Amino acid sequence: VALEGSTNEPKDLRRCQLDNAIAVFVLCNPHHPDPYLEDSETLQAILAMRSFNATVPIYSICALRDSLFQVTFASEEAKQEEAEDPSDLRVLAGIDEAHLYSGLFPEEVLDEAGNSGETYDTTKRKSRAICMQNVEVALFAENVFCNGLSTLLSNLVFKAIPTTDSRDRPWLIEYKSGAEYHLEIATLPEEFHDRFFSDIAVTLYDHQLVLIAAHLPTDSKWKVARTSTQFSVGMKGLFVTVMEAATLEMALADIAEDLRLLHPRGTRTPPTDFTESIFGRLEEETEEISPILPSDRDSTKRESTETPPQPGGLSGRRSRERSSRLNLRSSGTTGEVSTLRRNVSVEDMEATRVIYRSRSLPAHLRRHIIVCVIGEMSLRNMDYLLQRLWMDRPSHSARCPVVAIHPKFPPDFEERFDKYKGLLFLLNGSSMSIETLKRAQYDTALAIMVMACEDKLDIETADSRAIFTVMTLDHMLGENS
């Protein structure tokens, strides 16, 4: 039913029978030329509906991270027993600014350096607010560690049946084939009860089914499907498949019948989680070289003096060099960085400072991340981007250094990001400049990110600057990059 009206008019709220609603969704235009105006109108709509119905859950989307706290506060519902009291329509359930800005999902709390911390209970409140900037920046950061993740998720969320053409190139044929896959939820058959995911993973794959998560009615959220995941009665599965819901249920029934006939239930030892074991071995076997940071200099000197003397000659020199490289390894979170320049000074690494056009980076970097910051809104999202890049991951325990490029960093930027000293380099210059990209050591970087967030002050030029940056990189990196 489509109703023409305004959420600010009580008569229109009565027409849509808001007092009997079980939920309200408030959507916004995340690409509005003026996101502040868009969030203001969203906030007005939420306040009007909350004053009309104090208990209905409100699920909303805001465009800016700056608006998330206000939108969450306004949408908070009253407790049922207090809904009759007009003086206190909204009872907050532990809303805290640190929780709102911690990550894509508010249950996880991060400290200033981006480390995972304690969690807090969000089951007391039903209303939720999602910030599109949080979603975009989180996906943007995850693409560094999983190439094409945002494209994959977009294809999974939107169902599409691409048309093929005989003139399609091989990569396009493969892409169109993958674009047909989407997400479906189905209840797992009872025959799956007490079995492990490792028992049926291959069979599911043969039926064009990939199970990525499982959920019980008693669980608060979905759990990632691992080889050691054991199924239970009533469990639901989240599948990546080309099938529609009805076809998926029939396929699961066929798989259950095959399991009953060919693989009867039996007692077995739970399998070891392959993902955790393989990443654990990689972390143990990987040797990385880190720069000497100010906090490590004293300990490095002590270790160096305790190193026994090596014999002379070439082999002795190599042994001393290897010993010194091993002593350079930091016990902190830095990693995957090569040795520093020989002429670097202590002051260069003691604080996060803007490096101007005439200067080079104070370190030879390897496998670092370059962020081309375009627009003022991108500068405001830098802190959150760094948190996402440096959050704990099983496959990347060490934090990659980040080189941020911007024509003119604000005066307070150095002080704001001083907590990341030794890991963050602020390079003053244009990301469209070949010389600036060379100073950022693009040829040894792990990834190059072009960050152009929408803002009414830069909306007419942000995309063009991002395109020119990509064209410059395309010219410098070559076809096989």
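The present account deals with the structure reproduced in this document.

### Considerations on the environment of Leu211
Structurally, Leu211 can be placed in strand β7 (residues 209-215). With 29 residues separating them along the chain, Leu211 and Val240 place their C-alpha atoms 6.5 Å apart. Beyond its immediate stretch of four places on either side in the chain, Leu211 contacts Phe197, Leu204, Ala225, Phe231, Gly237, Leu238 and Phe239.

### Concerning the packing of aromatic side chains
Tallied over the full model, the rule gives 7 aromatic pairs. Between Phe192 and Phe231 the ring centres are 5.8 Å apart and the planes differ by 40 degrees, which places this aromatic pair in the tilted class. You can see Phe192 sitting in the loop between β6 (182-187) and α8 (197-206) and its partner Phe231 sitting in the loop between β8 (223-224) and β9 (236-241), a full 39 residues away along the chain. Judged by its relative accessible area of 1%, Phe231 is buried. Ring centres of Phe197 and Phe231 lie 6.4 Å apart, and the angle between their planes is 80 degrees; this geometry places the pair in the edge-to-face category. Taken together, the residues Phe197 in helix α8 and Phe231 in the loop between β8 and β9 connect sequence positions 34 residues apart. An identical accessibility class is assigned to Phe197 and Phe231; each is buried.

### A look at the environment of Ile46
As for its position among the elements, Ile46 is in helix α2 (residues 35-52). Distance from Ile46 to Thr72, taken between C-alpha atoms, is 9.6 Å for residues 26 residues apart in sequence.

### Regarding the packing of helix α5 (residues 132-145) against helix α15 (residues 382-389)
It is the contact of α5 with α15, at a shortest axis distance of 9 Å, that shows an interaxial angle of 40 degrees. One element, α5, and the other, α15, form an angle in the oblique class. Seen along the crossing, α5 lies across α15 with a hand that is right-handed. On α15, the residues that touch Asn134, Val137, Ala138, Phe140, Ala141, Glu142, Val144 and Phe145 of α5 are Tyr384, Leu385, Arg388 and Leu389.

### Structural notes on the side chain of Ser67
Topologically, Ser67 is positioned in the loop between β2 (58-62) and α3 (68-75). Exposure remark for Ser67: the relative accessible area of 13% places this residue in the buried category. Filtering out sequence-adjacent residues up to four positions away, Ser67 remains in contact with Asp39 and Cys62.

### Quick notes on the sheet that holds β7
Strand order in this open sheet of 4 strands is β6-β9-β7-β8, and the pairing throughout is antiparallel. Two strands in the sheet have a free side with no partner beyond their single neighbour: β6 and β8. As defined by bridge partners, β7 adjoins β9 across 6 bridges and the pair is classed as antiparallel. When the sheet's bridge partners are listed, His215 is paired in β9 with Lys236.

### Description of the pairing of β7
With 5 of its 7 residues buried, β7 lies for the most part within the structure. For β7 and β8, the ladder comprises 2 bridges, and the chain directions are antiparallel. Directly across from Ala213, in β8, lies its bridge partner Val224.

### Quick notes on α2
Compared with the 26 Å implied by 1.5 Å per residue over 18 residues, the 26 Å span of α2 between its first and last C-alpha is a close match. All of the buried residues in α2 are Pro35, Glu38, Asp39, Thr42, Ala45, Ile46, Ala48, Met49 and Arg50. Elements in contact with the buried residues of α2: α1 (10-15), β1 (24-26), β2 and α3.

### Brief notes about the environment of Pro30
With respect to the helices and strands, Pro30 occurs in the loop between β1 and α2. Taking the relative accessible area as the measure of exposure, Pro30 reaches 23% and is therefore partly exposed. Spatially, the C-alpha atom of Pro30 lies 8.5 Å from that of Ile61, the residues being 31 residues apart in sequence. Pro30 has contacts with Ala63, Met132 and Glu454, leaving out every residue within four places of it along the chain.

About the criteria used
- Residues numbered from 1 in each chain as written.
- Predicted model: local features only at pLDDT ≥ 70, side-chain atom pairs only at ≥ 80, totals over all residues.
- Heavy atoms only, no water.
- Helix = DSSP H or I, 4+ residues; strand = E, 2+ residues; numbered from the N terminus.
- Contact = heavy atoms within 4.5 Å.
- Phe/Tyr/Trp six-rings, centres within 6.5 Å; stacked < 30°, edge-to-face > 60°.
- Buried < 20%, exposed > 50% of the residue type's maximum accessible area, 1.4 Å probe, protein only.
- Axes fitted to C-alpha atoms, helices over the stretch in contact; angles between N-to-C directions.
- Parallel < 35°, antiparallel > 145°, perpendicular 65-115°, else oblique.
- Left-handed = near helix turned anticlockwise from the far one by under 90°.
- Pairing = 2+ DSSP bridges.
- Expected span 1.5 Å × (residues − 1).

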